[in-house]
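# What the coordinates show
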Amino acid sequence: MEQVWILSSGEREEILVMYIAQTYFSLRFGLLSPEKLVLEAQKRGLSRLVLADINNVSCVGEFVMRCRQAGIQPILGIDFRTPDYRPLYYGIAHNDEGFRELTELLSRHSLGGRPLPAVPPPMRHASIIYRKRPKAIEHFRPNEYLGIRAEDASRLRSSGLLAHRNKLVAYQPVSFLSDQEDYETHRVLRAIDQNTLISKIDVDDCARPSDFFVESGDLRKSYSTYPFLLKNAQRLLARSAIALPAGKQNNRKHFSGSAEDDFALLKKLAESGCRARYGKQAGPQVQERLERELTVIKQQGFCPYYLITWDLIRYAHEAGFHYVGRGSGANSLVAYALRITDVDPLALDLYFERFINEFRSSPPDFDIDFSWRERDEVLDYLFKRYGSEYVGLIATYSTFQLRACIRELGKVFGLPKGEIDLMAARPEDFEAQHELASEVFKYALRIQHFPSHLNIHAGGVLISERPLCYHTALQAMPKGFPIVHMDMYHAEDLGFHKFDILSQRGLGHIKEAVELVKKQRGLAVDVHDLDKITRDPAVIERLRSAQCIGCFYIESPAMRGLLTKLRCETYPGLVAASSIIRPGVSRSGMMREYISRSHAPHSFEYPHPIFEQELGDTYGVMVYQEDVLRIAHHFAGLGLGESDVLRRLMSGKKAKGDAFEKLKDKYFDNCRKRGYSDELAQEVWRQMESFAGYSFCKAHSASFAVESFQSLYLKTHFPHEFIVAVINNGGGFYRAEHYFHEARMQGAQLHAPCVNHSELATTLDGTDIYVGFGHILGFEQEYARRLVAERNMGGPFRDLVDFLERVHLPNTQCDLLIRIGALRFTGRNKYGLMWAKNAWIGSHAASCDNQADLFPSTEPSFELPALPDHPLDQSFDELELLGFTLVSPFVLLRDPERYAHCLMAEDLSERAGQMVEIVGYYVCAKSLRTRKGRPMQFGTWVDRSGRFFDSVHFPDVLQHTPIRGPGIYLLRGRVTLDFDFPQLEVSELELLPMVKDGRYGEE
């Protein structure tokens, strides 16, 4: 950031100098945080401060806020530089219009992919300060100046510039504080940026060693011969001020023509939507809730936020895009009526105050999930609907983390990779490492958490009333949609409402599965009929048995275990399970308490009747964020809005202060007035406070459960279509291999890629599944598309020569197709195909001589010796080219009869408490640490029949017999049964030998 300061002394302002400084948002250059920068200015008694980071305006909102809190007048600017940080000029805004001119210049060249000009275009509301003259000073515009540093002032007399005194201003750059270590830290950052050794850093790539706050007396002496330089700086600063207003007014104010029209439209849509949702059941409860919500929405000025989201949903629906609205927005009946969400807040007793209330200062937040394939179309609609000047994606700041710092600094200091790896693996033990390790760690700790570069937020979108360049700059990103120079926290500080347009592969599973069912069976599936889906007996049985591989959110080993323990079979039960699976709930012991109470609902006492009344569905256990709000309201009598503020303060999302203490006092006062004992009031407070920090929004869980049930329904009734859709949308928790395995378990016939059946994605034909070309390791997508296009145009390939003539593939790409079996339709084995292909290529090259053939080619005639296939050749090729086999991996187990006595997964429950042996194919493992910090693991496996089972590996066992990566293992251990969920408590583990691949002379 660049800053210009004038020191206030009494009634008059004594001119000192114009400091131009940077914060660490001058990425990989500056060292000062915005907070530290303002504190340093405050220490020096500065009354004005100019911020001008290098090609960046990320922290302007924070800077303005901190300056005003410190009694300093903020002034905004930009340090314009080339991509390699060679200085061009400073821009200093006179007002908000000038800030817009500067950010537009920066944005225009970023979005256009063009370098910044050596001379900026004319500006009416901003001044330009050059470090060096890009043109004759006689040609400077009225708002253009040449900056003169203190150490350069002595050379003015011989420069010929004194004839243009009104174009010269004093300035002092500031990039760090005055100590030598700061300068060395700056050089380290520059070396990281340049990806070079610290010893090779060019001085021109760095700031000067004197770029720090110099004592004002020393600066006055330096400029004493030419005091006009300071006066010019004063005049420039005197006309510079910035408003940068923060508040709701920054958002798009109206969806229609006025606030009145917006409310009338929202009311009409909500009332119509309630009639459509509830029909004749839309009684007084619906009407009262609707009117209450609409009143608060209008008072808080959120009508445009609802209407813009509704408009987005309307577009998505008309385009046939599948979406899910989730998050706390699902607490709103108006959102349900507008079909922003599919969660009925009345049926689930969701409190609107969790989303919007009169006490909440932060803006509402709708989370809308789209398929990863359709999200960009939705974003494109927003940019075109509201104008590219007014729409931008929120950024995130990628920061230097300790281990990454160590690796970067290790390279900067020229250390070997092995020693860098050791330091990164053991940062706490640097004293026993390389002699430079202490230097590496010193600088790593200094730059840790500094921003490194701007990245794109998962889905946050801003839509502004004025062009975004009044608030920030825009930066081009690889996908084409620009990001703003601020993260969600800076955006919130400026009062922006965030629209979360998120990408989710689970929705792709559902949409493609529905399309495949339509194509394969001619059936139209309505996955939005939640009442039908959640009551389907077959779906309930699948949920109860936790046969959920591929289903959104509920397929992980932990979730399958939880569903089994809960005997989950209802939508509300799944909503609760989706919340208590979260790590915080599990670690607190409340998940186990919930499971225990679900099995014995009359074995415990509620601390107070209110708990049974309000939390009876969850056995008195707080499961959701709303439960804290619920108990604070019904037990202690706090208002619903106050209760939500208390929940947020307890969760740590807002700093605790006077508001928290006042609500705490009110809680205990109300408890005393209601006659509660101090012990009861303290215990309920303890439960709320301990739970609030890790709870899950119920509406969020409910939205997840909707999608889980949709997946369950499709998998239950259309298993082949569903699993192919899962595979084609990037899978889920597991590797692709296990979804193909699941398809095989569901009765599908798996086929290796075939040039006459396969496409880039995996395809389904009845019960036959053909692996897509995209799964072949090393086979380029461009050739796959070319192959499919030729087949669609000219029909199926007749034989090898027909294929070779029509699809011109490089030899290595053709080899991959032969090896994977994609040309098996010819009736030849792979060895024969390789011979014939090579012979054809040789004869074709020799005879063509770059001339077109007049007649179709024929295969060369030769007699091939017998080259028989080995029965496992195809499996070995699949293993090498797909990463897995399309048959059971147990076919590759050596001496399988030796393990015939081993237990099967389906029999584990009957052997509880017994020591057993079981053979398992490794699926995945979850690593964690015990309370004493020792590593342990939970493993997931597939047995010989294809059934999943789970294991526990405690620290001592894990240390002596660790899981050694993929393969088939013999597991020995004791079977434990936890609420009917079996696990193997492993005592010994053995990686079993596989059949050797004889194709390369290994057998």
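In what follows, the structure referred to is the one given above.
Below is a short write-up of the structure. The structure displayed is predicted, hence computed values, not measured ones. (Residues numbered from 1 in each chain as written. Predicted model: local features only at pLDDT ≥ 70, side-chain atom pairs only at ≥ 80, totals over all residues. Heavy atoms only, no water.)

## Some remarks on empty space enclosed by the protein
Enumeration over the complete set of coordinates arrives at two cavities of 30 Å³ or more. Reported here for the largest cavity is a volume of approximately 70 Å³. Forming the walls of the largest cavity are Glu737, His738, Phe740, His741, Arg744, Phe884, Thr885, Val887, Pro889, Tyr921 and Val942. For the lining of the largest cavity, the element with the most residues is helix α30 (residues 736–745), which contributes five residues. Here the lining of the largest cavity is built from residues that sort into six nonpolar, three polar and two charged. Put simply, the second largest cavity is a space of about 60 Å³. Looking at the second largest cavity, the residues that line it are Tyr323, Val324, Gly325, Asp342, Val343, His528, Ser703, Val706 and Gln710. At the level of secondary structure, the elements contributing two or more residues to the lining of the second largest cavity comprise β11 (323–326) and α28 (698–717). (1 Å grid on protein atoms, 1.4 Å probe; cavity = no way out; pocket = protein on both sides within 12 Å on 5 of 7 lines; lining within 4 Å. Points joined across faces, edges and corners; volume = space filled by probe spheres on them. Helix = DSSP H or I, 4+ residues; strand = E, 2+ residues; numbered from the N terminus. Nonpolar A, V, L, I, M, F, W, Y, C, P; charged D, E, K, R; others polar.)

## What about unusual backbone geometry?
Trans is the common state for peptide bonds, and a negative phi is the common state for residues other than glycine. For His449, which is not glycine, the phi dihedral falls at a positive 75°. Along the chain, His449 turns up in the loop between α14 (437–447) and β14 (451–463). Even without being glycine, Asp980 reaches a positive phi, approximately 75°. Of note, Asp980 is situated in the loop between β24 (968–978) and β25 (981–991). When its relative accessible area of 42% is taken as the criterion, Asp980 is described as partly exposed. (Buried < 20%, exposed > 50% of the residue type's maximum accessible area, 1.4 Å probe, protein only.)

## Observations regarding the packing of aromatic side chains
For any two aromatic rings, the description comes down to two numbers: the centre-to-centre distance and the angle of the planes. Taken as a whole, this structure holds 43 aromatic pairs when the rule is applied. When the ring of Tyr90 is compared with that of Tyr171, the centres are 5.9 Å apart and the planes differ by 70°; the resulting orientation is edge-to-face. Of this pair, Tyr90 sits in strand β6 (residues 87–93) while Tyr171 sits in the loop between β9 (168–170) and β10 (172–174), and the two are 81 residues apart along the sequence. Comparing Tyr90 with Tyr171 shows no difference in burial state: the two are buried. Here the aromatic rings of Tyr315 and Phe321 are separated by 6.1 Å at their centres, their planes lie at 85°, and the arrangement is edge-to-face. Look at Phe321 and you get buried, because its relative accessible area is 14%. The structure contains a cluster of three or more aromatic residues connected by ring pairs, namely Tyr305, Tyr306, Phe355, Phe366 and Phe499. Against the face of Phe29 rests Arg81, its NZ or CZ located 4.8 Å from the ring centre. (Phe/Tyr/Trp six-rings, centres within 6.5 Å; stacked < 30°, edge-to-face > 60°. Lys NZ or Arg CZ within 6 Å of the ring centre and 35° of its normal.)

## Focus: the pattern of salt bridges
Across all of its chains, the model carries 70 salt bridges by this definition. Here Arg44 ties to Glu40 by a salt bridge, and the two come within 2.8 Å at their closest N and O atoms. Of the residues examined, Arg44 reaches a relative accessible area of 33% and is grouped as partly exposed. Residue classification places Glu40 among the buried residues on the basis of a relative accessible area of 10%. (Salt bridge = Lys/Arg side-chain N within 4 Å of Asp/Glu carboxyl O.)

## Regarding the state of the cysteines
The final tally for this structure, using the stated rule, is zero disulfides. Not part of a disulfide, Cys568 finds its nearest cysteine sulfur in Cys548, a span of 9.0 Å. (Disulfide = S-S within 2.5 Å.)

## Focus: helix α8 (residues 284–300)
Taking 1.5 Å of rise per residue, the 17 residues of α8 would be expected to cover 24 Å, and the 24 Å separating its terminal C-alpha atoms lies within 8% of that figure. Of the residues making up α8, those classed as buried are Val286, Arg289, Leu290, Glu293, Leu294, Val296, Ile297 and Gln300. Seen along its axis, α8 keeps its buried residues to an arc of 165°; they face one direction. Projecting away from the buried face of α8 at angles above 90 degrees are the exposed residues Pro284 and Gln299. Looking at the buried residues of α8, the elements they touch are α7 (259–278), α9 (303–318) and α10 (333–337). Following α8 by one or two positions, Gly301 has its phi on the positive side, about 75°. (Expected span 1.5 Å × (residues − 1). Arc of directions from axis to C-beta. Contact = heavy atoms within 4.5 Å.)

## Considering the sheet that holds β24
Two modes of strand pairing occur in sheets, parallel and antiparallel, and in both the strands are linked by backbone hydrogen bonds. Judged by pairing direction, the barrel is mixed, and its five strands sit side by side in the order β21-β22-β23-β25-β24 before closing back on the first. If you compare each strand with its neighbour and ignore which way they point, the axes differ by 50° on average. Here strand β21 (residues 915–929) pairs with β24 via seven bridges, running antiparallel. Considered in β24, the bridge of Val916 is made with Gly973. (Pairing = 2+ DSSP bridges. Axes fitted to C-alpha atoms, helices over the stretch in contact; angles between N-to-C directions.)

## Comments concerning the sheet that holds strand β19 (residues 763–765)
Strands sit in the order β18-β20-β19 across an open sheet of three strands; the sheet is mixed. Each edge of the open sheet is held by one strand with a lone partner, namely β18 (749–751) and β19. For this sheet, the mean angle separating the axes of adjacent strands, direction not counted, is 25°. Two elements, β18 and strand β20 (residues 768–770), share three bridges in a ladder whose sense is parallel. Residue pairing across strands places Leu750 opposite Ile769, the latter belonging to β20.

## A short note on the packing of helix α4 (residues 180–194) against α14
For any two helices packed against each other, one specifies the crossing angle of their axes together with the interaxial distance. Between α4 and α14, whose axes approach to 11 Å, the crossing angle comes to 85°. The angle between the axes of α4 and α14 places the two elements in the roughly perpendicular class. On α14, the residues touching Glu181, Asp182, Glu184, Thr185, Val188, Leu189 and Ile192 of α4 are Lys442, Tyr443, Arg446 and Ile447. (Parallel < 35°, antiparallel > 145°, perpendicular 65-115°, else oblique.)

## A word on the packing of helix α24 (residues 625–634) against helix α25 (residues 640–651)
Two numbers describe how α24 lies on α25: the axes approach to 8 Å, and their chain directions differ by 130°. Put simply, α24 runs oblique to α25. In the packing of α24 onto α25, the handedness of the crossing is right-handed. Every residue of α25 that contacts α24 at Gln625, Val628, Leu629, Ala632 and His633 is listed here: Leu640, Ser643, Asp644, Leu646, Arg647 and Met650. Across the contact of α24 with α25, the residue classes tally to six nonpolar, three polar and two charged. (Left-handed = near helix turned anticlockwise from the far one by under 90°.)

Without other data, these values stay purely geometric and don't point to any function.
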